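# Architecture and fold: a report
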Amino acid sequence: MLVLVAPGQGAQTPGFLTPWLELPGAADRVAGWSDAIGLDLAHYGTKADADEIRDTAVAQPLLVAAGLLSAAALDASPGVVAGHSVGEITAAALAGVIDDEAALRFVRTRGLGMAEAAAVTETGMAALLGGDPDVTVAHLEKLGLTPANVNGGGQIVAAGTAEQIAALTEDMPEGVRRVVALKVAGAFHTHHMAPAVEKLRTAAAGLTVADPAVTYVSNADGRTVATGAEVISRLVGQVANPVRWDLCMETFKELGVTAIVEAAPGGTLVGLAKRALPGVKTLALKTPDDLDAARALISEHAGA
């Protein structure tokens, strides 16, 4: 059983889209998406610097575009799909819940809405490595922070105001080895993002939605979701609620997943899986050079 996963914000790096645009038809697809959403994806994915693509309104459409391009290049249907944070929009498109252009339009609204919400108060996110999850969560709550991403594999991401994040670096939970600031521009998946929820609810009302054609695992609680309406409802609410990637990986285990391929720009979710799912084979799509190995893995594990 194969699962195809899509990463969330922070996975982007300058120029990461460049090699994917060299694939047949990719530049034309990206040009069409760019016209549809009023954002030059090719420019930002090839020429923009780290600060420019840190912008939430830019980073999120870039990530979905890269995920869709890389998954299309695989030309294979996984048994299970899931996405981390904004990667859930990629997963929804891969599952056939919405089409690719609708996914790009929706993520453009999401990115703009979250950027606007983030501008109200200076906020951020930081990853905590190591430690006991229960101890860490209690400590974060004491500091007024939200455990916005419970990622499994020994990682929890805290979100809150800049002052709260600064206090965390001075007062780490017992057992935590390191606190790493993330390349994001706000406290995503917290109450700070509530204004973006209403914008997404309005955008969702205009979507043409189908039920998932493959097993879709939601990052809200790790449960499988059978209807397109429920998938979209969860996509709307997730911007202001925590991501439970740890529960997604538990569901992968229960489903009997034997291999995980991470869509571009891959690496983050495969790293978590290596720690939390020993014995499951993993592969990250970083450039098109990884496609042959991914296809071989798919042919070996997609039979279930």
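Relevant structure appears above.
In what follows, the accompanying structure is described. Starting from 1, residues in each chain are numbered consecutively following that chain's sequence as written. At least 70 in pLDDT is required for a residue's local features to be given in this predicted model, at least 80 for side-chain atom pairs to be given and counted, and no such filter applies to totals for whole chains, interfaces and linings, which use all residues. Note: side-chain values were computed over all heavy atoms of the structure, leaving out hydrogens and water.

## Focus on the sheet that holds strand β6 (residues 176–181)
Note on pairing: DSSP must find at least two bridges between two strands before they are called paired. Helical segments are the DSSP runs of H or I of at least four residues, strand segments are the runs of E of at least two, and each set is numbered from the N terminus. Read from one edge to the other, the open sheet built from 4 strands follows the order β4-β5-β3-β6, with strand pairing classed as antiparallel. Two strands lie at the open edges of the sheet, namely β4 (146–152) and β6, each paired on one side alone. The sheet shows a mean angle of 25° between the axes of neighbouring strands, taken without regard to direction. As defined by bridge partners, strand β3 (residues 123–130) adjoins strand β5 (residues 155–161) across 7 bridges and the pair is classed as antiparallel. In the sheet register, Ala 126 faces β5, and the bridge partner there is Ala 158. Against the sheet, helix α7 (residues 133–142) touches β3, β4, β5 and β6, its axis set at about 5° to β5. The axes are straight lines fitted to the C-alpha atoms, using for helices just the contacting stretch, and the angles between their N-to-C directions are given from 0 to 180°. Between two residues, a contact is recorded if the distance between any of their heavy atoms is within 4.5 Å.

## Quick word on the nonpolar core
Soluble globular proteins tend to pack their nonpolar side chains together in the buried interior. Formed by 75 residues in total, the largest nonpolar core has its most connected members in Leu 41, Leu 104, Tyr 216 and Val 261. At 11 residues, the largest contribution of residues to this core is made by helix α4 (residues 56–74). Dropping the residues within four chain positions of it, Tyr 216 is found in contact with Val 81, Glu 88, Ala 91, Ala 92, Ala 95, Arg 223, Thr 224, Val 225, Val 231 and Leu 235. Put simply, a nonpolar core is a bunch of buried Ala, Val, Leu, Ile, Met, Phe, Trp, Tyr and Cys residues held in one set by side-chain atoms that sit within 4.5 Å of each other. Only protein chains enter the accessibility calculation, which uses a 1.4 Å probe; a residue whose area is less than 20% of its type maximum is buried, one above 50% is exposed, and one in between is partly exposed. In this structure, Val 80, Val 243, Val 257 and Leu 272 belong to the second largest nonpolar core, which totals 18 residues.

## Some details on the packing of α4 against helix α6 (residues 100–118)
Remark: α4 packs on α6, axes separated minimally by 7 Å, with the N-to-C direction vectors making an angle of 155°. The pairing of α4 with α6 is recorded here as roughly antiparallel in orientation. By crossing handedness, the relation of α4 to α6 is classed as right-handed. Touching Thr 56, Ala 57, Gln 60, Pro 61, Val 64, Ala 65 and Leu 68 of α4 are Asp 100, Ala 103, Leu 104, Val 107, Arg 108, Arg 110, Gly 111, Leu 112, Met 114 and Ala 115, all from α6. Here the contact of α4 with α6 is built from residues that sort into 11 nonpolar, 3 polar and 3 charged. The cut-offs work like this: below 35 degrees is roughly parallel, past 145 is roughly antiparallel, 65 to 115 is roughly perpendicular, and the gaps in between are oblique. Each crossing is labelled by how the near helix is turned from the far one, with a counterclockwise turn of less than a right angle marking it left-handed and a clockwise turn marking it right-handed. Residues are grouped as follows: Ala, Val, Leu, Ile, Met, Phe, Trp, Tyr, Cys and Pro are nonpolar; Asp, Glu, Lys and Arg are charged; all remaining types, including Gly, are polar.

## Side note on the sheet that holds strand β1 (residues 2–6)
Pairing within the open sheet is mixed, and its 6 strands lie in the order β8-β7-β2-β1-β9-β10. Of all strands in the sheet, those bounded by a partner on one side alone are β8 (224–225) and β10 (281–284). As paired strands, strand β2 (residues 80–83) and strand β7 (residues 215–217) are joined by 3 bridges and run parallel to one another. Among the inter-strand pairings, Val 80 is bridged to a residue of β7, identified as Thr 215. The strands touched by helix α5 (residues 87–94) are β1, β2 and β7; relative to β2, the strand with the most contacts, the crossing angle is about 155°.

## Comments concerning the pairing of β1
Consecutive residues of a regular strand have side chains that alternate between opposite faces of the sheet. Most of β1 is tucked away, with 5 of its 5 residues classed as buried. Burial along β1 is two-sided: Leu 2, Leu 4 and Ala 6 facing one way and Val 3 and Val 5 facing the other are all buried. Across 4 bridges, β1 lies against strand β9 (residues 259–262) in parallel orientation. For Leu 2, the partnering residue across the bridge sits in β9 and is Ala 259. By the bridge criterion, 4 bridges tie β1 to β2 in an arrangement that is parallel.

## Quick notes on the side chain of Asp 246
Position of Asp 246 relative to the elements: it lies in helix α11 (residues 245–255). Each polar contact in these results corresponds to two N or O atoms within 3.5 Å; when the atoms are within protein, one needs to be able to donate a hydrogen and the other to accept it, and residues that are neighboring in sequence are counted only if both atoms are side-chain atoms. Of note is the side chain of Asp 246, whose polar atom sits 2.7 Å from the side chain of Arg 244.

## Examining the pairing of β9
Alternating positions in β9 separate into two faces, Ala 259 and Val 261 on one and Ile 260 and Glu 262 on the other, with burial throughout. In the sheet, β9 pairs with β10 via 4 bridges, with the strands oriented parallel. By the bridge assignment, Val 261 is partnered in β10 with Leu 283. By the criterion used throughout, a crossover qualifies as right-handed when its path from the first strand across the helix to the second strand runs clockwise, the strands pointing away from the viewer. Chirality of the crossover, the property in question, places the unit of β9, helix α12 (residues 268–276) and β10 among those that are right-handed.

## Here we look at the layout of surface pockets
Over the atoms rolls a probe the size of a water molecule, and its path tells where empty space is left. Cavity: a set of points on a 1 Å grid over the protein atoms alone where a 1.4 Å probe fits but cannot get out. Pocket: an open set with protein on both sides within 12 Å along at least five of seven lines, its lining residues, like those of a cavity, having an atom within 4 Å of a point. Grid points are joined across faces, edges and corners, and a volume is the space filled by probe spheres set on the points. What the largest pocket holds in volume is close to 440 Å³. Contributing to the lining of the largest pocket are 24 residues, with Gln 9, Gly 10, Gln 155, Leu 182 and Thr 268 lying nearest its centre. Among the elements of the structure, β3, β4, β5, β6 and α12 are those that each provide at least two residues to the lining of the largest pocket. Taken together, the residues that form the lining of the largest pocket break down as 13 nonpolar, 10 polar and 1 charged. Roughly 160 Å³ of volume is contained in the second largest pocket. Together, Arg 54, Glu 122, Thr 123, Gly 124, Met 125, Ala 162, Ile 165, Ala 166, Ala 181, Leu 182, Val 184 and Ala 185 line the second largest pocket. Mapped onto the lining of the second largest pocket, the elements with two or more residues apiece are β3 and α8 (162–170). Tallied by class, the residues present in the lining of the second largest pocket amount to 8 nonpolar, 2 polar and 2 charged.

Honestly, it's all geometry; don't read function into it.
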